[in-house]
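Structure at a glance
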Amino acid sequence: MNEADRDLPRELLAESLLAWRIAGSVAREHDGTLVIDEAAKSIRIDPGEHPMFRWMVTVDGRKRGAVSLVAVLRQVREALDPGYATQRVRVAIAPLVPS
Amino acid sequence: MSADSTAPIPVSVLTGFLGSGKTTMLRHLLTQPEFARTAVIINEFGEIGLDHELIEASEDSFIELMTGCLCCKIRSDLAQTLAELLRRRDAGRCTQFDRIVIETSGLADPAPILQTLMTDATVAGRLALGNVVTTVDTVNGLATLGREEISRKQVAVADRLVLTKLDMAGSSDSALLGQLAALNAGAPVVSADHGQVAAPLVFDAGLYDPQTKSMDVTAWLKGSAYHHAHHHHHDADIRTFAIVREEPIRAVTLTLFLETLAEHCGADLLRLKGIVNIAESASPAVIHGVQHVFHAPAFLERWPSDDRRSRLVFIARHIPQAWVEVLLAALDAEVAAVAHASAPV
């Protein structure tokens with residue numbers, strides 16, 4: 001994995017805060033840990049700490065596993081955006097094109 | 001031409017803000033031979049509907065919905081109405097129509113109507129999603145777009161935009177055209193002359209052509225239009241943009257990407273259309289979503305051109321393009337890393 005790819009999770013979190021209009025900044029430490037500062041809560045995201053989870057997300061001292069970046073995004077948004085209500089994807093019954 | 005009673009029937013949505021000329025245009029369309037076998041559903045908002053009085057269509061293939069605004073109160077009524085139309089047709093109790101047009105109220109959000117067509121089990125399989133046609137009044141359109149969020153949404157989700165009342169305005173306003181391009185660069189703009197417009201110009205623009213039983217993905221996406229539009233709509237709350245990827249996208253990445261969009265964007269993802277080069281498939285996949293509802297991808301037999309890039313067109317509100325791009329890149333990199341880590345040595 002090249003440096004640009006290694007920085008993608010940080011970039012994704014930074015762009016996510018902008019998209020969700022949430023104040024905060026995201027820094028990547030030398031070991032790959034992501035730290036969200038200046039937000040309403042203190043959040044750390046550690047990579048590869050647990051065999052079952054790619055990431056461990058710590059919000060105000062409470063640690064939870066995340067199997068992917070999708071789960072990381074969900075946990076971070078739940079922590080920082082009180083108005084957030086997740087909406088699961090729904091698959092249409094009707095086919096896009098008739099068979 | 002005789003209608004194939006088993007062929008899927010395209011359903012088009014005619015929308016546009018109050019007074020933008022929907023009913024006038026529909027009245028003219030129904031006099032054209034191409035529209036002879038059309039069932040019409042008109043949704044009027046208010047206790048006393050008038051629009052249906054202005055439409056001359058055979059009564060057995062015409063239904064008026066007056067219980068409220070189509071988008072919010074009576075979605076189930078729409079599904080029931082469509083099912084009833086199909087029952088009448090199957091029983092030979094009405095014209096063997098081969099097209100349905102839903103004229104929404106001027107205050108309706110078309111997105112939930114599209115979702116009803118996509119998700120209702122009673123009509124799925126019998127109907128095909130046609131296109132969305134939005135009328136825009138050249139006299140008042142610019143002010144309306146500036147003032148009314150619902151008007152901007154009606155323009156943003158359209159497959160075709162029809163300018164009306166040019167006879168009163170004199171010419172189409174360049175500021176109005178600029179605003180339309182900012183909201184929806186991919187939708188061709190056609191003009192109605194005193195409400196008259198050729199039917200094929202506005203209603204034969206869906207993804208699926210029931211006559212040829214084929215898909216015209218290139219026209220449906222209009223991907224090239226979005227590069228031009230990128231430069232002049234920085235402040236708009238609704239934006240159209242295209243994401244282009246040179247490299248094939250893994251199926252898992254695409255799934256996670258669509259799930260994340262639905263989860264975090266919800267109602268702000270007005271429409272998503274795309275053709276995707278799936279890494280595990282020789283055939284391209286066509287995708288379409290409205291807010292959090294997505295069709296299962298449809299796989300084409302072959303690429304429509306030599307262009308093998310994935311192209312995703314977004315019509316979105318408050319969704320930054322930069323976030324969408326980095327989301328796809330980050331998910332792709334993570335999926336690749338997992339695949340690499342789990343590959344046999």
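Our subject is the structure that appears above.
Since we're looking at a predicted model, the values are computed, not measured.

Considering the overall build of chain A
- A tally of regular secondary structure across chain A gives three helices and six strands.
- Written out in order from the N terminus, the α and β elements of chain A read α-α-β-β-β-β-β-α-β.
- In terms of C-alpha radius of gyration, chain A reaches 16 Å, well past the compact-globule figure of 13 Å for 99 residues.
- Structurally, chain A occupies a C-alpha span of about 55 × 35 × 25 Å along its principal axes.
- Classification of the 99 residues of chain A by burial places 27% in the buried group.

Notes on the overall build of chain B
- Helix and strand content of chain B: 13 helices and 15 strands.
- Per-residue burial over chain B gives 50% buried out of 345 residues.
- For chain B, the share of sequence-separated contacts (at least 6 apart) that also reach a separation of at least 24 residues comes to 77%.

A word on the environment of Ser 68 of chain A
- With respect to the secondary-structure elements, Ser 68 of chain A resides in the loop between β5 (62-66) and α3 (69-80).
- Each C-alpha atom of the pair Ser 68 of chain A and Met 56 of chain A lies 9.9 Å from the other, and the pair is twelve residues apart in sequence.

Here we look at the interface of chain B and chain A
- Across the boundary between the two partners, chain B contributes 40 residues, which contact 29 residues of chain A.
- Residue assignment for the side of chain B that touches chain A shows that the elements contributing at least two residues are α4 (110-119), β5 (127-137), α12 (251-265), β12 (285-290), β13 (293-294) and α13 (321-342) of chain B.
- Here the side of chain B that touches chain A takes ten residues from α13 of chain B, the largest share from any one element.
- The class makeup of the residues in the side of chain B that touches chain A is 29 nonpolar, eight polar and three charged.

Quick notes on the environment of Ile 249 of chain B
Residue and element names in this part refer to chain B.
- Examined against the element boundaries, Ile 249 turns out to sit in the loop between β10 (238-245) and α12.
- Taking the C-alpha atoms as reference points, Ile 249 and Ala 333, 84 residues apart in sequence, are found 11 Å from one another.
- Non-local contacts of Ile 249, meaning those with residues more than four positions away in its chain, are made with Leu 254, Val 276, Asn 277, Ile 278, Ala 279, Ser 310 and Asp 332.

Brief notes about the packing of α3 of chain A against α12 of chain B
- The N-to-C vectors of α3 of chain A and α12 of chain B enclose an angle of 10°; their axes lie 10 Å apart at closest approach. Overall, the two elements α3 of chain A and α12 of chain B adopt an arrangement that is roughly parallel. Across the interface between the two elements, Val 70, Leu 73, Arg 74 and Arg 77 of chain A from α3 of chain A touch Leu 256, Glu 259, Thr 260, Glu 263 and His 264 of chain B from α12 of chain B.
- Taken together, the residues that form the contact of α3 of chain A with α12 of chain B break down as three nonpolar, two polar and four charged.

What about unusual backbone geometry?
- Even without glycine at this site, Arg 21 of chain A takes up a positive phi of about 60°.
- One can find Arg 21 of chain A in the loop between α2 (8-19) and β1 (25-28).
- Look at His 194 of chain B: it is not a glycine, yet its phi comes out positive at around 50°.
- Following the sequence through the fold, His 194 of chain B ends up in the loop between β7 (189-191) and α9 (199-203).

Points about the sheet that holds strand β4 (residues 55-59) of chain A
All names here are of chain A.
- Strand order in the open sheet formed by five strands is β1-β2-β3-β4-β5, and the pairing between neighbours is antiparallel. Every interior strand has two partners, whereas the edge strands, β1 and β5, have only one. Across the sheet, the axes of successive neighbouring strands diverge by a mean angle of 20°, strand direction being ignored.
- Bridge count between strand β3 (residues 43-47) and β4: five bridges; the pairing is antiparallel. Paired with Ile 45 across the two strands is Val 57, which belongs to β4.

Some details on the pairing of β5 of chain B
All names here are of chain B.
- In terms of residue burial, β5 counts as a mostly covered element, since eleven of its eleven residues are buried.
- Pairing analysis gives seven bridges linking strand β1 (residues 9-16) to β5, with the strands arranged parallel. Among the inter-strand pairings, Val 11 is bridged to a residue of β5, identified as Leu 129.
- Pairing between β5 and strand β6 (residues 160-164): five bridges, direction parallel. Considered in β6, the bridge of Asp 137 is made with Thr 164.

Some details on the packing of α12 of chain B against α13 of chain B
Residue and element names in this part refer to chain B.
- The N-to-C vectors of α12 and α13 enclose an angle of 140°; their axes lie 9 Å apart at closest approach. As summarised for this structure, α12 and α13 are arranged oblique, according to the angle between their axes. Relative to α13, the crossing made by α12 is right-handed. On α13, the residues touching Val 252, Thr 253, Leu 256, Phe 257 and Thr 260 of α12 are Leu 327, Leu 328, Leu 331, Asp 332 and Val 335.
- A breakdown of the residues in the contact of α12 with α13 according to their chemical character gives seven nonpolar, two polar and one charged.

What counts as what
- Residues numbered from 1 in each chain as written.
- Chains lettered and ligands numbered in written order.
- Predicted model: local features only at pLDDT ≥ 70, side-chain atom pairs only at ≥ 80, totals over all residues.
- Helix = DSSP H or I, 4+ residues; strand = E, 2+ residues; numbered from the N terminus.
- Rg over C-alpha atoms; globule rule 2.2 N^0.38 Å.
- Buried ≥ 20, exposed ≤ 12 C-beta atoms within 10 Å, placed from the backbone.
- Contact = placed C-beta atoms within 7 Å.
- Nonpolar A, V, L, I, M, F, W, Y, C, P; charged D, E, K, R; others polar.
- Axes fitted to C-alpha atoms, helices over the stretch in contact; angles between N-to-C directions.
- Parallel < 35°, antiparallel > 145°, perpendicular 65-115°, else oblique.
- Pairing = 2+ DSSP bridges.
- Left-handed = near helix turned anticlockwise from the far one by under 90°.

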